[in-house]
Amino acid sequence: MSVEFNHTIVLSRDREESARFLAGILGLEVGEPAGMFLPVTTANGVTLDFATVDIDIPMQHYAFLVSEDEFGQALARLVAAGVPIQADPHGKHPRRINRNDGGRGVYFLDPSGHGMEVFTRPYGSDPSSPLNGVTEEVPGAR
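Residues numbered from 1 in each chain as written. Predicted model: local features only at pLDDT ≥ 70, side-chain atom pairs only at ≥ 80, totals over all residues. Heavy atoms only, no water.

Visitor: Where do I start with the layout of surface pockets in this structure?
Guide: Vacant regions in the atomic arrangement are exposed by a probe of water-molecule size rolled over the atoms. If you add up the space inside the largest pocket, you get close to 450 Å³. If you go around the largest pocket, you meet 20 residues; those closest to its centre are Thr42, Ala43, Asn44, Phe64 and Leu65. Broken down by secondary-structure element, the contributors of at least two residues to the lining of the largest pocket are strand 4 (61-65) and helix 2 (68-81). Within the lining of the largest pocket, the residues separate by chemical class into 13 nonpolar, five polar and two charged. (1 Å grid on protein atoms, 1.4 Å probe; cavity = no way out; pocket = protein on both sides within 12 Å on 5 of 7 lines; lining within 4 Å. Points joined across faces, edges and corners; volume = space filled by probe spheres on them. Helix = DSSP H or I, 4+ residues; strand = E, 2+ residues; numbered from the N terminus. Nonpolar A, V, L, I, M, F, W, Y, C, P; charged D, E, K, R; others polar.)

Shown next as structure tokens:
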């Protein structure tokens, strides 16, 4: 049997808010609660099980590979919702997306402070792309 990533627990201040936020941005569905977990499942079958906890939550990073069309939709949802975006994980390029590997990528925070990333090309898929390091301003972005 090959190894596949199946699920992970996403600690949240409010599982409903966090699960619905991410599902809304990515165009996914929130599943039925399973005990303390509220699941959001991606197209490749990986489930993010959101759980409400009453502790300090360390920031985690979650990255989602999407098609160009899905990226455009997610970016439009982020802008419409007034969610601050940036082209890099360190916030040096706010209100912008990156064009790394000839694709598009964006970073943003979820309601619990986790770093989320949506991108269209896997890292290193085109190391000679003239777009590596290029960022683009997103009209209307925060």
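Visitor: Any chance you could explain the sheet that holds strand 1 (residues 7-12) here in plain terms?
Guide: Working definition: the strands of a sheet are paired by backbone hydrogen bonds and lie parallel or antiparallel to each other. Taking strand neighbours across the sheet as the criterion, the three strands line up as 1-3-2 in an open arrangement whose pairing is mixed. Each edge of the open sheet is held by one strand with a lone partner, namely strand 1 and strand 2 (37-41). Taking each pair of neighbouring strands and ignoring which way they run, the sheet shows an average axis angle of 30°. Direction of pairing for strand 2 relative to strand 3 (residues 47-52): antiparallel, over a ladder of five bridges. Looking across to strand 3, one finds that Phe37 is bridged to Ala51. Strand contacts of helix 1 (residues 15-26): strand 1, strand 2 and strand 3, with the helix running at about 150° to strand 3, the strand carrying the most contacts. (Pairing = 2+ DSSP bridges. Axes fitted to C-alpha atoms, helices over the stretch in contact; angles between N-to-C directions. Contact = heavy atoms within 4.5 Å.)

Visitor: Explanation requested: the pairing of strand 4 in the structure shown.
Guide: The side chains of a regular strand alternate, first on one face of the sheet and then on the other. The alternating pattern of strand 4 places Tyr62 and Phe64 on a buried face, while none of His61, Ala63 and Leu65, on the opposite face, is buried. By the bridge criterion, five bridges tie strand 4 to strand 7 (residues 115-119) in an arrangement that is parallel. Paired with Tyr62 across the bridge in strand 7 is Met116. (Buried < 20%, exposed > 50% of the residue type's maximum accessible area, 1.4 Å probe, protein only.)

Visitor: What is the right way to look at the nonpolar core in this model?
Guide: Where a protein is soluble and globular, its nonpolar side chains tend to be buried together. Of all hydrophobic cores here, the largest spans 28 residues; its most connected members are Phe50, Val106 and Phe108. Among the elements of the structure, helix 1, strand 2, strand 3, strand 4, helix 2, strand 6 (105-109) and strand 7 are those that each provide at least two residues to this core. When residues in this core are grouped by element, the largest group, six residues, is from helix 1. In contact with Phe108, not counting residues within four places along its chain, are Phe21, Ile25, Leu78, Val83, Pro84, His114, Gly115, Met116 and Val118. (Core = buried A, V, L, I, M, F, W, Y, C linked by side-chain atoms within 4.5 Å.)

Visitor: How do you make sense of helix 2 when you look at a structure like this?
Guide: Because each turn of an α-helix spans 3.6 residues, side chains separated by three or four positions end up pointing in the same direction. Compared with the 20 Å implied by 1.5 Å per residue over 14 residues, the 20 Å span of helix 2 between its first and last C-alpha is a close match. Along helix 2, the residues that are buried comprise Phe71, Ala74, Leu75 and Leu78. Projected onto a plane normal to the axis of helix 2, the buried residues spread over an arc of 100° and lie on a single side. Across from the buried face of helix 2, at angles greater than 90 degrees, the exposed residues are Asp69 and Ala80. Of the surrounding secondary structure, the elements contacted by the buried residues of helix 2 are helix 1, strand 5 (96-98), strand 6 and strand 7. (Expected span 1.5 Å × (residues − 1). Arc of directions from axis to C-beta.)

Visitor: Looking at this structure, I do not really get the pattern of salt bridges. What am I missing?
Guide: It is possible for side chains bearing opposite charge to pair when their charged atoms get close. All told, the structure shown has three salt bridges when counted by the stated rule. Residue Glu16 pairs with Arg20 through a salt bridge whose shortest N-O separation is 3.0 Å. Of this pair, Glu16 and Arg20 both sit in helix 1, separated by four residues, roughly a single helical turn. Accessibility expressed as a relative area gives 31% for Glu16, which makes it partly exposed. Taking the shortest distance from any N to any O, the salt bridge between Glu136 and Arg99 comes out at 2.8 Å. With a gap of 37 residues between them, Glu136 in strand 8 (residues 135-137) and Arg99 in the loop between strand 5 and strand 6 connect regions that are remote in the sequence. Glu136 sits in the partly exposed class, given a relative accessible area of 31%. Judged by its relative accessible area of 16%, Arg99 falls in the buried class. (Salt bridge = Lys/Arg side-chain N within 4 Å of Asp/Glu carboxyl O.)

Nothing here speaks to function; it is geometry throughout.
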